[in-house]
Amino acid sequence: MKTEANIFILISDDSLSISTKASPHNYLSKLSPEFMMLQHLGHDECHDRIMAAIESVLSEDKNLTRDMGGLATTKELGAAIASAVCS
């Protein structure tokens, strides 16, 4: 019997313990395993929709976090992306 396993995990430091509620930092890179998993499971349309929303929000320059040259919080960036996904 052949068994296949796929692991989607973020290899990172202890920065995951930082609260995102008031953090000015960009956490988009920490979502990479989830994006890879969506594609692997065949949810290409969902993956593409989320990626398009992220690209759209980032190109507007209105909701960038401080590490990207803006003043938005992570919560504000996330809300803008969620809004773009749902529109």
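It should be emphasised that the depicted structure is a prediction, and the values quoted were computed from it without experimental measurement.

Draft legend 1. Broad picture of the nonpolar core. If you look at the biggest cluster of nonpolar residues, it comprises ten residues: Leu28, Phe35, Leu38, Ile50, Ala53, Ile54, Val57, Leu77, Ala80 and Ile81. Of all the elements in the fold, those that place two or more residues in this core are α1 (32-40), α2 (44-60) and α3 (74-86). Top element by residues in this core is α2. It accounts for four residues. Excluding residues that lie within four positions of it along the chain, Ile50 makes contacts with Phe35, Leu38 and Val85.

Draft legend 2. Molecular detail of the environment of Phe35. Of note, Phe35 is situated in helix α1. Along the primary structure Phe35 and Asp48 are separated by 13 residues, whereas in three dimensions their C-alpha atoms are 9.1 Å apart. When near neighbours in sequence (up to four residues on either side) are disregarded, Phe35 contacts His47, Ile50, Met51 and Ile54.

Draft legend 3. Layout of the packing of α2 against α3. In the contact formed by α2 and α3, the axes pass within 8 Å of each other and the chain directions differ by 125°. In terms of orientation, α2 lies oblique with respect to α3. Remark: the crossing between α2 and α3 carries right-handed chirality. Contact residues: Arg49, Ile50, Ala53, Ile54, Val57 and Leu58 in α2; Leu77, Ala80, Ile81, Ala84, Val85 and Cys86 in α3. Of the residues in the contact of α2 with α3, the class split is eleven nonpolar, no polar and one charged.

Draft legend 4. Just the environment of Ser87, in detail. Tracing the chain through its elements places Ser87 in the segment after α3. The sequence separation of Ser87 and Ala53 amounts to 34 residues, and the corresponding C-alpha distance is 9.1 Å.

Draft legend 5. Region of the structure containing the side chain of His47. Tracing the sequence through the fold places His47 in helix α2. Side-chain polar atoms of His47 contact the side chain of Asp48, separated by 3.0 Å. If sequence neighbours within four positions are ignored, His47 has contacts with Phe35, Leu38 and Gln39.

Criteria and thresholds
- Residues numbered from 1 in each chain as written.
- Predicted model: local features only at pLDDT ≥ 70, side-chain atom pairs only at ≥ 80, totals over all residues.
- Heavy atoms only, no water.
- Core = buried A, V, L, I, M, F, W, Y, C linked by side-chain atoms within 4.5 Å.
- Buried < 20%, exposed > 50% of the residue type's maximum accessible area, 1.4 Å probe, protein only.
- Helix = DSSP H or I, 4+ residues; strand = E, 2+ residues; numbered from the N terminus.
- Contact = heavy atoms within 4.5 Å.
- Axes fitted to C-alpha atoms, helices over the stretch in contact; angles between N-to-C directions.
- Parallel < 35°, antiparallel > 145°, perpendicular 65-115°, else oblique.
- Left-handed = near helix turned anticlockwise from the far one by under 90°.
- Nonpolar A, V, L, I, M, F, W, Y, C, P; charged D, E, K, R; others polar.
- Polar contact = N/O pair within 3.5 Å; in protein donor to acceptor, adjacent residues only side chain to side chain.

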